[in-house]
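Given next are the chains, with one letter for each unit.
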Amino acid sequence: MSGTADAVVVGGGTVGAWCAYFLRRAGLARVVLVEKGFLGQGASSRAAGVVRTQGGTAEAVRLGQWSRRFYLRQHDEIGTDSGFTEQGYLLPCFTPSDVGAARDRMAMQSALGVPVRWLRPDEVDAANPTLAPGQTLGGTFCAQDGFISPPRNVAAYTAALIRSGIEVREHVAFRGLTGSGVDTSRGRIGAGLVVLTGGPKLAAVGRLAGLRIPVGGARHQVAVTERHPELDPSRVPMVFDLAAGLYWRPEEGGLLFGMSNPDEPPGDNREVDEDYLAAMRARLARLVPVTAGLGLRRIWAATIDYTPDHLPIIGPAPGLDRVTVACAGGAGMMWGPAVARAAADVALTGSSEVLDVSPLGLDRFDETGRSRRAADPIALPFPEKIASP
Ligand SMILES: Cc1cc2nc3c(=O)[nH]c(=O)nc-3n(C[C@H](O)[C@H](O)[C@H](O)COP(=O)(O)OP(=O)(O)OC[C@H]3O[C@@H](n4cnc5c(N)ncnc54)[C@H](O)[C@@H]3O)c2cc1C
């Protein structure tokens, strides 16, 4: 590590890597990415890959739309892609208040150009023959929503980084800021711009830079069932059981399903919680009865990032004029490329055409980390507070 880079990006997950790529594409000559382990070793390689434009706020919609368009054009732009599959996503309603909230969201989403439709209960059952019939009061459906393959996304950004001449420094840890650059485990490097990412570790990265960044980490579990003819992808839209926080999608002839335990104290955790897995399986079997007797082919748990209001963080570091902070708030597959691009824009020009980032900065949090904004209503049931470090 020597000399001076035009930009140093900390963190080799989907946010940091795509941000480095966009900075280079914008014309910066020397972009260095420092990753304390290897590319993708954080949340980004372990995600479920769900990409939803049916956002709970206008910002969430715009970030989802931008990211989806990026996934669709990747092959032309970089010669490979993140494996985006347009599967269609159903958000079923189980109570009258679910219906009211869904209809309000649908009006907001439609005004922003999302082709979301209301399905009556019989249409929900027809569109999703694996769902136990007669369970819902209807739901919203968007055929353009889908999923990426998280490992393929890591491969895609690795190729993009290398092809565009970004200096990738794996096994190099960021240790803090110096007057004119950054300090790392391999020495100092000058930096015109610095972008801090870190997913569930962003609070720790921030502390190294003297910043308080209210991002936490919580265990999130995912499992994949065995194959079954009824789970053929042509018969299974993606589904988000919002009230329970359980989602599922087709995966290699079976179902991939995921959920976090909102009652569990936050913190790093990659151990599988068998009891909670049993609760997830029971909820899934109630709604998708064919899964009741199926074995599991894969199970994993990993630490997912979250912010107290479930919104991303994109903005300048207070008091540090060349440092930008970026976090996808637990939605880095869905919003990651857009957050990365907006962070690159903010670092370069102070604003972004992706969306107005002014309400997404660190200044929305008070000293205890509480957000002044209402939480995004469509999110996994994350804790509302950040655990003390
Ligand atoms: C099980 C699971 C399922 C998920 N499913 C979905 C989903 O379906 N849809 C969706 O939108 N999102 C999903 N997510 C969330 C998504 O994966 C994350 O929001 C996203 O990966 C965060 O990307 P990131 O680049 O900010 O963080 P990460 O991918 O965690 O990358 C941060 C990187 O920073 C590095 N780092 C940390 N400290 C330092 C340091 N001091 N110096 C250098 N490098 C450092 C870490 O090693 C890491 O590689 C899921 C997450 C999990 C865990």
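Residues numbered from 1 in each chain as written. Predicted model: local features only at pLDDT ≥ 70, side-chain atom pairs only at ≥ 80, totals over all residues. Heavy atoms only, no water.

A. Fine view of the site of the ligand. As a structural note, the neighbourhood of the ligand is formed by 38 residues, with Glu-35, Ser-44, Val-50, Asp-305 and Met-334 the closest of them. Within the contact set of the ligand, a nitrogen atom lies 3.0 Å away from a backbone nitrogen or oxygen of Ala-48. Between the ligand and Val-50 there is a distance of 2.8 Å, counted from an oxygen atom to a backbone nitrogen or oxygen. Burial of the ligand by the protein amounts to 96% of the accessible area it has alone, namely 1,000 Å². (Near = heavy atom within 4 Å. Polar contact = N/O pair within 3.5 Å; in protein donor to acceptor, adjacent residues only side chain to side chain. Areas by Shrake-Rupley, 256 points an atom, 1.4 Å probe, with all protein chains shown as cover.)

B. Expanded view of the pattern of salt bridges. The full count for this structure, using the stated rule, is 19 salt bridges. Arg-169 is paired through a salt bridge with Glu-167; the nearest N and O atoms lie 2.9 Å apart. Given a relative accessible area of 30%, Arg-169 falls into the partly exposed group. Overall, Glu-167 belongs to the partly exposed group, its relative accessible area being 21%. Note that Lys-201 and Asp-268 form a salt bridge whose closest N and O atoms lie 2.4 Å from each other. Of this pair, Lys-201 sits in the loop between strand 12 (187-196) and helix 6 (202-208) while Asp-268 sits in the loop between strand 16 (254-259) and helix 7 (274-287), and the two are 67 residues apart along the sequence. A relative accessible area of 52% means that Asp-268 is categorised as exposed. (Salt bridge = Lys/Arg side-chain N within 4 Å of Asp/Glu carboxyl O. Buried < 20%, exposed > 50% of the residue type's maximum accessible area, 1.4 Å probe, protein only. Helix = DSSP H or I, 4+ residues; strand = E, 2+ residues; numbered from the N terminus.)

C. Spotlight on the sheet that holds strand 15 (residues 246-251). Overall, mixed pairing links the eight strands, which are arranged 6-7-5-14-15-16-13-17 in an open sheet. The sheet terminates laterally at strand 6 (116-119) and strand 17 (296-306), the two strands that pair on one side only. Taken pair by pair, the neighbouring strands of this sheet meet at an average axis angle of 20 degrees, ignoring direction. The sheet contact formed by strand 13 (residues 216-225) and strand 17 spans ten bridges and is antiparallel. Of the residues in strand 17, the one forming a bridge with Val-224 is Arg-298. (Pairing = 2+ DSSP bridges. Axes fitted to C-alpha atoms, helices over the stretch in contact; angles between N-to-C directions.)

D. Layout of the sheet that holds strand 8 (residues 146-147). Pairing in this open sheet of three strands is antiparallel, and the strands run 3-8-4 from one edge to the other. At either end of the open sheet lies a strand with only one pairing partner, and these are strand 3 (50-51) and strand 4 (85-86). Across two bridges, strand 4 lies against strand 8 in antiparallel orientation. Within strand 8, the position partnered with Thr-85 by the bridge is Phe-147.

E. Main features of the side chain of Ser-352. Inspection of the secondary structure puts Ser-352 in the segment after helix 8 (336-349). For Ser-352, a relative accessible area of 14% translates into the label buried. A polar atom in the side chain of Ser-352 sits 2.7 Å from the side chain of Asp-345. In this structure the side chain of Ser-352 is engaged in a polar contact, spanning 3.0 Å, whose partner is the backbone nitrogen of Val-354. With near-sequence residues (within four places) excluded, Ser-352 lies in contact with Ala-342, Asp-345 and Val-357. (Contact = heavy atoms within 4.5 Å.)

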